[in-house]
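Residue strings, one per chain:
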Amino acid sequence: MRLTRYFLPVLKENPAEAQIVSHRYMLRAGMIKQQAAGIYSWLPLGYRVLRRIEQIVHEEQQKAGHIPLLMPTLQPADLWRESGRYDDYGEEMLRITDRHKRDMLYGPTNEEMITDIFRAHVESYKQLPLTLYHIQWKFRDEVRPRFGVMRGREFLMKDGYNFDLTYEDAIHAYNRHMVSYLRTYERMGLQAIPMRAASGPIGGDNTHEFLVLASTGESEVFYDSAITSLKFGDRVVDFDDRAECAKIVEEWTTPYARTDETHDVALFHEIPAERQKTSRGIEVGQIFYFGTKYSEPMGATVVTPDGNRVPVHMGSHGIGVSRLLGAIIEASHDDKGIIWPEGVTPFPVGIVNLKQGDGAADAACEAIEKALLAKGLEPLYDDRDERAGAKFATMDLIGLPWRITVGPRGLAAGKVELTSRRTGESEEMSPEAAVARIAEIYAGV
RNA sequence: CGGAGUGUAGCGCAGUCUGGUAGCGCACCUGCUUCGGGAGCAGGGGGUCGGAGGUUCGAAUCCUCUCACUCCGACCA
């Protein structure tokens, strides 16, 4: 992508309303524009990252055997009257009346609707287990939206729902979700720690929240520092293998890690003192097992092998997709701007032409762009007629993890410069070598 | 929902107390110079001052009402 043909409205100064670093950088990097309290337009750069994150979530869900579908944002109130939540949910639910005076709502979550789909089409235990999910916009009319996309009213969320015959099956679904979430966050360059949590209005007994440690987090968390050295890595998982999933879950849930809601001081102090850590955390996901809470009142039942009809065991599992952008930036930035992990970066690499209009520099940049595109990597080529400093500042702000700098001086010696955004370290090499290096880096992402 | 603030050009702000033709920096446009870490000079364009009503010869400025947004706290993916 040529920057002169792109739409990247970067700001030099900090917008007054943005208090935390992720919000500031998202506004300054031209990723989002606020339209109302807690409601944002996603500008091209932000949209690219959002789609990347969504993509990773989709891939990891489907690896775990979960099936995508798409439910609407608007839902009929009657479904929610069945579960009893229409009255329970309170002011956070945005209620709408259509022209026929029917009560509607903008979905804050989808347990009722997915249960309705299930009960309409599933009759037998033979159709189980089943896990359906979607990535869709939600609306929760927060009293006080803040921190940009971290606490918006409208937000993009992956929510998945498992339907199982027995408690044991449902617990395997729970474990499967935990494993898939661990992989998902790690691919995004995040360390999200599963912590025992309280269940809240969704209900249920078994629940973990995934928290990213960051000083701007809204939750206070307590953990054993041993958990932060756990890595999922590139291990291959058979998601149908119950013992394997359970073992991984055990690995991640044995070290103490809890939010303030479930914190147990006595247990916490059993950890060696030097490993007792307190921090703030950003909640980026949550998994629940809630049994028959919805299936029973809403009649989501299946016929068992012995001919009885029983309500299915369910759980729900959410990842805050739009919030993740904020969380990633909170966890990965410096005083110059964002530092995207390779997994979610909007562009894999930036090309900076130090002397736009110089025949050799222009030709070299174009050749590098073409070579990268041929490898399926789309660079952002800063072809503006700007000074070097301005181009560097823009690249640093928008946080592309790699930068290829091309100038007449280096070209005279057949060299360009490859710079890591994270370390700031540069290395001179031929254009071909730089392209090869970028391809190598992204081969494993 | 309790408390505190803010709305003036795309962004950051001054001007409001003490009413008198709406300003500054950045950004934008034109020209010249400059060119490896947000350049310099010269010229230029852009705002019915959140909205409505009122007071006044005259309102960004005073009064009333209203809308929006932000921050702190309590609540939440």
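This text goes with the structure placed above it.
About the cut-offs
- Residues numbered from 1 in each chain as written.
- Chains lettered and ligands numbered in written order.
- Predicted model: local features only at pLDDT ≥ 70, side-chain atom pairs only at ≥ 80, totals over all residues.
- Heavy atoms only, no water.
- Helix = DSSP H or I, 4+ residues; strand = E, 2+ residues; numbered from the N terminus.
- Rg over C-alpha atoms; globule rule 2.2 N^0.38 Å.
- Contact = heavy atoms within 4.5 Å.
- Core = buried A, V, L, I, M, F, W, Y, C linked by side-chain atoms within 4.5 Å.
- Buried < 20%, exposed > 50% of the residue type's maximum accessible area, 1.4 Å probe, protein only.
- Domains from an automatic or database assignment.
- Pairing = 2+ DSSP bridges.
- Polar contact = N/O pair within 3.5 Å; in protein donor to acceptor, adjacent residues only side chain to side chain.
- Axes fitted to C-alpha atoms, helices over the stretch in contact; angles between N-to-C directions.
- Parallel < 35°, antiparallel > 145°, perpendicular 65-115°, else oblique.
- Left-handed = near helix turned anticlockwise from the far one by under 90°.
- Near = heavy atom within 4 Å.
- Expected span 1.5 Å × (residues − 1).
- Nonpolar A, V, L, I, M, F, W, Y, C, P; charged D, E, K, R; others polar.

## Digging into the overall build of chain A
And step 1. Looking only at helices and strands, chain A has 14 helices and 23 strands in total.
And step 2. In terms of overall dimensions, chain A is globule-like: its C-alpha atoms have a radius of gyration of 24 Å, near the 22 Å expected for 445 residues.
And step 3. Taken along its principal axes, the extent of the C-alpha atoms in chain A is 80 × 60 × 40 Å.
And step 4. Partitioning the contacts of chain A with sequence separation of at least 6, the portion at a separation of at least 24 is 71%.

## So, the nonpolar core
And step 1. By size, the foremost hydrophobic cluster in this structure holds 76 residues, and its most contacted members are M31, I53, Y185, F210 and V284.
And step 2. Sort the elements by how many residues they give to this core and helix 6 (residues 167-187) lands first, with 8 residues.
And step 3. The residue makeup of this core includes at least three contributed by each of domain 1 (3-338) and domain 2 (350-443).
And step 4. Excluding its chain neighbours within four sequence positions, the residues that come into contact with Y185 are L190, A192, F210, V284, G285, I319 and L324.
And step 5. Counting 25 residues, the second largest nonpolar core, distinct from the first, contains A77, F118, Y294 and A300.

## Examining the pairing of strand 22 (residues 416-420)
And step 1. Most of strand 22 is tucked away, with 4 of its 5 residues classed as buried.
And step 2. For strand 21 (residues 402-406) and strand 22, the ladder comprises 4 bridges, and the chain directions are antiparallel. Note that in strand 22 the partner of I404 across the bridge is L418.
And step 3. Note that strand 22 and strand 23 (residues 426-429) share 4 bridges and pair antiparallel. Residue pairing across strands places T419 opposite S426, the latter belonging to strand 23.

## Focus on the pairing of strand 13 (residues 276-291)
And step 1. Pairing analysis gives 8 bridges linking strand 10 (residues 206-213) to strand 13, with the strands arranged antiparallel. Of the residues in strand 13, the one forming a bridge with F210 is G285.
And step 2. When strand 11 (residues 219-224) meets strand 13, the two strands line up antiparallel, connected through 6 bridges. In the strand pairing of strand 13, F222 is matched with T278.
And step 3. Both strand 13 and strand 16 (residues 313-320) contribute to a ladder of 6 bridges, which runs antiparallel. Within strand 16, the residue paired with F288 across the bridge is S316.

## Some thoughts on the side chain of D382
And step 1. Here D382 lies in strand 20 (residues 380-382).
And step 2. Here D382 falls in the buried class, since its relative accessible area comes to 0%.
And step 3. Polar side-chain contacts of D382 include one of 2.9 Å to the side chain of R384.
And step 4. When neighbours within four sequence positions are excluded, D382 is seen to be in contact with L3, I351, N353, Q356, K391 and M395.

## Focus on the sheet that holds strand 20
And step 1. Spatial strand order, 20-19-21-22-23: 5 strands in an open sheet with mixed pairing. Across the chains shown, the open sheet's two edge strands, defined by having one partner strand only, are strand 20 and strand 23. Direction aside, neighbouring strands of the sheet carry axes that sit 20 degrees apart on average.

## Describing the sheet that holds strand 4 (residues 74-76)
And step 1. Ordered in space as 4-6-5, the 3 strands form an open sheet in which the pairing is antiparallel. Edge positions in the sheet fall to strand 4 and strand 5 (94-97), since each of these pairs with one other strand and no more. The mean angle between the axes of side-by-side strands here comes to 35 degrees, regardless of whether they run parallel or antiparallel.
And step 2. Sheet analysis places strand 4 next to strand 6 (residues 103-106), joined by 3 bridges and oriented antiparallel. Within the sheet, the bridge partner assigned to L74 lies in strand 6 and is Y106.

## Quick notes on the packing of helix 2 (residues 44-63) against helix 10 (residues 321-331)
To characterise two packed helices, one gives the angle between the axes of the helices and the distance between these axes.
And step 1. Direction vectors running N to C along helix 2 and helix 10 enclose 110 degrees, while the axes themselves pass 9 Å from each other. Comparing the axis directions of helix 2 and helix 10 gives the class roughly perpendicular. With respect to the hand of their crossing, helix 2 and helix 10 are arranged in right-handed fashion. Along the contact surface, helix 2 presents G46, V49, L50, I53, E54 and V57, while helix 10 presents V321, S322, L324, L325 and I328.

## Thoughts on the protein's contact with RNA strand B
And step 1. Of all residues adjacent to RNA strand B, which total 36 residues, the nearest are R144, R151, G152, E283 and D396.
And step 2. Protein-adjacent atoms of RNA strand B, using a 4 Å cutoff, are sugar or phosphate at a proportion of 44%.
And step 3. Separating a base nitrogen of RNA strand B from a side-chain N or O atom of E13 is a distance of 2.6 Å.
And step 4. Contact distances for RNA strand B include 2.8 Å between a phosphate oxygen and a backbone N or O atom of A16.

## Brief notes about helix 6
And step 1. With 21 residues, helix 6 extends 30 Å between its outermost C-alpha atoms, agreeing within 8% with the 30 Å of an ideal straight helix rising 1.5 Å per residue.
And step 2. Of all 21 residues that make up helix 6, 17 are buried, and the element is covered over most of its length.
And step 3. Downstream of helix 6 by one or two residues, G189 has phi in the positive range, about 80 degrees.

## So, the packing of helix 11 (residues 359-374) against helix 14 (residues 431-443)
And step 1. Their axes nearest at 10 Å, the elements helix 11 and helix 14 cross at an angle of 30 degrees. Regarding the angle of helix 11 to helix 14, the classification is roughly parallel. Handedness of the helix 11/helix 14 crossing: right-handed. On the side of helix 11, the interface is formed by I368, A371 and L372, while helix 14 contributes P431, V435 and I438.
And step 2. Here the residues of the contact of helix 11 with helix 14 are counted per class, giving 6 nonpolar, no polar and no charged.

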